Amino acid sequence: MQVSSRFTIALHMLTALAVFQDQMTMSSSILASSVNVNPVEIRRIMLQLSDAGFINVKKGRGGITLAKAPEEITLLDVFNAVEALENGELFHFHEKPNPECPVGRNIHSMLDPKLKEIQNSMEETMQRYTLADVVASSENQL
């Protein structure tokens, strides 16, 4: 299992906005340059971040700004905004385990609670960190 790069790209974008928005007008091309990805990918993620209420996008030379304070945006918020989880589940289970096999017949009852606990633990940890924490880490390195 691997989370797509949309999550880390979104965090990169939001961090750049928090760090630079008072210094320059931010655009999708500036963000694309910082992340070093195609501007189309940046615009797709911008749409998701805008829909989630994290950024404001003004057409033309208006630029992109944070719509919320960095302290109000958790990593879990960002994850939920850009990662599509099927049925809200991080782990996708294979469709049809063999009911004739004792393991196949029981694998869901053996494994599902553990996978749910792992997902809950990840989400609880992500909830503890905000964009402000990321920015504070970056200020020591900029």
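Presented here is a report on the structure given in the accompanying data block. Quantities reported herein were computed from a predicted structural model and do not represent experimental measurements. (Residues numbered from 1 in each chain as written. Predicted model: local features only at pLDDT ≥ 70, side-chain atom pairs only at ≥ 80, totals over all residues. Heavy atoms only, no water.)

Our focus in this paragraph is the overall build of the protein chain. When its secondary structure is counted, the protein chain shows six helices and two strands. Ordered by position in the sequence, the α and β elements of the protein chain form the string α-α-α-β-β-α-α-α. Buried residues in the protein chain amount to 35% of all 142 residues. Look at the contacts in the protein chain between residues 6 or more apart in sequence, and 65% of them connect residues 24 or more apart. As presented, the protein chain carries roughly 9,100 Å² of accessible surface, and 51% of it is formed by carbon and sulfur atoms. Here the protein chain contributes 12 positive and 17 negative side-chain charges, whose respective centroids are spaced 7 Å apart. (Helix = DSSP H or I, 4+ residues; strand = E, 2+ residues; numbered from the N terminus. Buried < 20%, exposed > 50% of the residue type's maximum accessible area, 1.4 Å probe, protein only. Contact = heavy atoms within 4.5 Å. Areas by Shrake-Rupley, 256 points an atom, 1.4 Å probe, with all protein chains shown as cover. Lys, Arg positive; Asp, Glu negative; His and termini not counted. Charge placed at Lys NZ, Arg CZ, Asp CG, Glu CD.)

What follows is about the packing of helix 1 (residues 6-20) against helix 4 (residues 75-82). Where helix 1 contacts helix 4, the two axes come as close as 9 Å, and the packing angle between them is 125°. Between helix 1 and helix 4, the angle is such that the two are oblique. The handedness of the crossing between helix 1 and helix 4 comes out as right-handed. In this structure, helix 1 uses Arg6, Phe7, Ala10, Leu11 and Leu14 to contact helix 4, whose residues at the interface are Leu75, Val78, Phe79 and Val82. For the contact of helix 1 with helix 4, the residue count by class is eight nonpolar, no polar and one charged. (Axes fitted to C-alpha atoms, helices over the stretch in contact; angles between N-to-C directions. Parallel < 35°, antiparallel > 145°, perpendicular 65-115°, else oblique. Left-handed = near helix turned anticlockwise from the far one by under 90°. Nonpolar A, V, L, I, M, F, W, Y, C, P; charged D, E, K, R; others polar.)

Turning next to a nonpolar patch on the surface. Taken together, the side chains of Val103, Met110 and Leu111 make up a nonpolar region of the molecular surface, amounting to roughly 230 Å² of accessible area. Mapped onto the elements, Met110 comes out in helix 5 (residues 102-128). (Patch = residues over 30% accessible without salt bridge, like charges linked within 9 Å, V, L, I, M, F, W, Y side chains within 5 Å. Salt bridge = Lys/Arg side-chain N within 4 Å of Asp/Glu carboxyl O.)

Attention now moves to the pairing of strand 1 (residues 55-58). Sheet topology note: the strand 1/strand 2 (residues 63-66) ladder contains four bridges and is antiparallel. Within the sheet, the bridge partner assigned to Val57 lies in strand 2 and is Ile64. (Pairing = 2+ DSSP bridges.)

Inspection of the secondary structure assignment puts Thr130 in the loop between helix 5 and helix 6 (131-139). A distance of 3.2 Å separates the side chain of Thr130 from the backbone nitrogen of Ala132, its partner in a polar contact. When neighbours within four sequence positions are excluded, Thr130 is seen to be in contact with Pro70, Glu71, Ile73, Thr74 and Leu75. (Polar contact = N/O pair within 3.5 Å; in protein donor to acceptor, adjacent residues only side chain to side chain.)

So, about a negative patch on the surface. On the surface, a cluster of negative charge is made up of Glu86, Glu89, Glu95 and Asp112. Relative to the assigned elements, Glu89 resides in the loop between helix 4 and helix 5. According to the relative accessible area criterion, Glu89 is partly exposed, its value standing at 46%.

Looking now at the packing of aromatic side chains. This structure, assessed with the given rule, holds one aromatic pair. Ring geometry for Phe7 against Phe79: centres 5.5 Å apart, planes inclined by 80°, an arrangement best described as edge-to-face. Here Phe7, found in helix 1, pairs with Phe79, found in helix 4; they are 72 residues apart in sequence, far enough to count as distant. On the accessibility criterion, Phe79 (2% relative accessible area) is buried. (Phe/Tyr/Trp six-rings, centres within 6.5 Å; stacked < 30°, edge-to-face > 60°.)

Structural measurements only, silent on function.
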